[in-house]
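Structural overview for review
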Amino acid sequence: MSLVTLTGIAKSHGAQHLFEGVNLQIGTGRRIAIVGPNGAGKTTILRAILGTLDPMAGTVTIAPGLRFGYVPQRDSVDYNFPLKVIDVVLMGRYDRVGLGRRPTKADHDLALQSLEHVGISALAERPLGSLSGGQKQRTLIARALVGQPTVLILDEPTNGMDLVATTQILSLIRELHERDNLTVLMVSHALNEVANYVERIALTVERGFRIGTVGEIMTEQTLTEMYGIPVDVDEMHGHRIVVARRNGQTKGTPPHA
């Protein structure tokens, strides 16, 4: 079943043409990443899905009763505001609680369950600003989960993280998908990071838009055509890795040769 369908979406920014004819379906239980460099239209597609931006052309169809759980970029949050972790998670219940009403004990219990779900229930009373980057990201994921979403949407979930934190957050996202049958949509500029944690990739670059399975997108021919530079795609321990080829370098030649 398709939860979100984009048909013939087009968008420009001033005189700059971003993309046109974008078709994308997000089905129940899927794990998809929209990947591309900054300025290529990832956020525009995301905002069209969330309904905060109208495309120049095309349609966005949302299944009845669909609920989004949105995790913004971690750097967009003001961590100087004196809030405890549990208070931040409770914000995800506000649309259910209603304007001007206080959260109930049931809402607090759901918030604690969400924190347990992402592995940081012990931090519920800690100030948000005192957490590490990975802990802050888990808090924002818990805030999205407490609203009991159908689709979990994450905007650059690993931006600015080290290798350990990146691996832990992506593993958590995959665990949420598999354990809770959550549909997951990630937006990222880091192809190497997210490609091994999703089933399908929607690649958006200045040269166009293409969607397919990880195996279809993560090929040297496809990525070279899309990015406009020669790349190598290697596999190590079951993970695909993309490396840009230096000028004059042929496949299999060490970079220092």
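Throughout what follows, the structure given in this document is the object of discussion. All values reported here derive from a predicted model rather than from experimental measurement. (Residues numbered from 1 in each chain as written. Predicted model: local features only at pLDDT ≥ 70, side-chain atom pairs only at ≥ 80, totals over all residues. Heavy atoms only, no water.)

**Points about the pairing of strand S10 (residues 231-236)**
Applied cut-off: When DSSP finds two or more bridges between two strands, those strands count as paired. Only runs of H or I of at least four residues qualify as helices and only runs of E of at least two qualify as strands under DSSP, and these elements are numbered from the N terminus.
Here S10 pairs with strand S11 (residues 239-244) via six bridges, running antiparallel. Paired with Val233 across the strands is Val242, a residue of S11.

**Observations regarding the packing of helix H5 (residues 133-145) against helix H6 (residues 163-180)**
As a reminder of what qualifies: Orientation is described by lines fitted to C-alpha atoms, with helices fitted over the stretch in contact, and by angles between N-to-C directions that extend from 0 to 180 degrees. Each angle is binned into one of four classes, with values under 35 degrees roughly parallel, values over 145 roughly antiparallel, values of 65 to 115 roughly perpendicular, and all other values oblique. Crossing handedness is defined as follows: a turn of the near helix away from the far one that is anticlockwise and smaller than a right angle gives a left-handed crossing, while the clockwise case is right-handed. In what follows, residue pairs with any heavy atoms lying within 4.5 Å of each other are defined as contacts. Ten residues, namely Ala, Val, Leu, Ile, Met, Phe, Trp, Tyr, Cys and Pro, are considered nonpolar, four, namely Asp, Glu, Lys and Arg, are considered charged, and the remaining ones, Gly among them, are considered polar.
Between H5 and H6, the shortest axis-to-axis distance is 10 Å and the interhelical angle comes to 20 degrees. The angle between H5 and H6 falls in the class roughly parallel. Classified by chirality, the crossing of H6 by H5 is right-handed. Residue-level inspection shows Gly134, Gln137, Arg138, Ile141 and Leu145 of H5 in contact with H6, the latter providing Gln168, Ile169, Leu172 and Leu176. Residue composition of the contact of H5 with H6, grouped by class: five nonpolar, three polar and one charged.

**Re the sheet that holds strand S3 (residues 31-35)**
Ordered in space as S5-S6-S7-S3-S8-S9, the six strands form an open sheet in which the pairing is mixed. The open sheet terminates on both sides in strands that have one partner only, identified here as strand S5 (68-71) and strand S9 (208-213). Strand-to-strand, the axes of this sheet are offset by a mean angle of 15 degrees, without reference to chain direction. As paired elements, S5 and strand S6 (residues 151-155) share four bridges and run parallel to each other. In the sheet register, Val71 faces S6, and the bridge partner there is Leu154. Against the sheet, H6 contacts S3, S6 and strand S7 (183-188), and its axis sits at roughly 155 degrees relative to S7.

**Brief notes about unusual backbone geometry**
Even without being glycine, Gln148 reaches a positive phi, approximately 55 degrees. Mapped onto the elements of the fold, Gln148 is located in the loop between H5 and S6. If you check the backbone angles, Asn181 has positive phi at about 55 degrees while not being a glycine. Within the secondary structure layout, Asn181 lies in the loop between H6 and S7.

**Remarks on the side chain of Arg93**
The following threshold applies: Residue exposure (1.4 Å probe, protein chains only): buried if accessible area is under 20% of the type maximum, exposed if over 50%, otherwise partly exposed. N or O atoms within 3.5 Å of each other form a polar contact, as long as, within protein, one can give a hydrogen and the other can take it, and as long as residues adjacent in sequence are counted only when both atoms are side-chain atoms.
As for its placement among the helices and strands, Arg93 is situated in the loop between helix H2 (85-90) and helix H3 (94-97). When its relative accessible area of 7% is taken as the criterion, Arg93 is described as buried. Among the polar contacts made by the side chain of Arg93, one reaches the side chain of Asp107 at a distance of 3.0 Å. Apart from the residues within four sequence positions on either side, Arg93 is in contact with Asp107, Leu110, Val146, Gly147 and Gln148.

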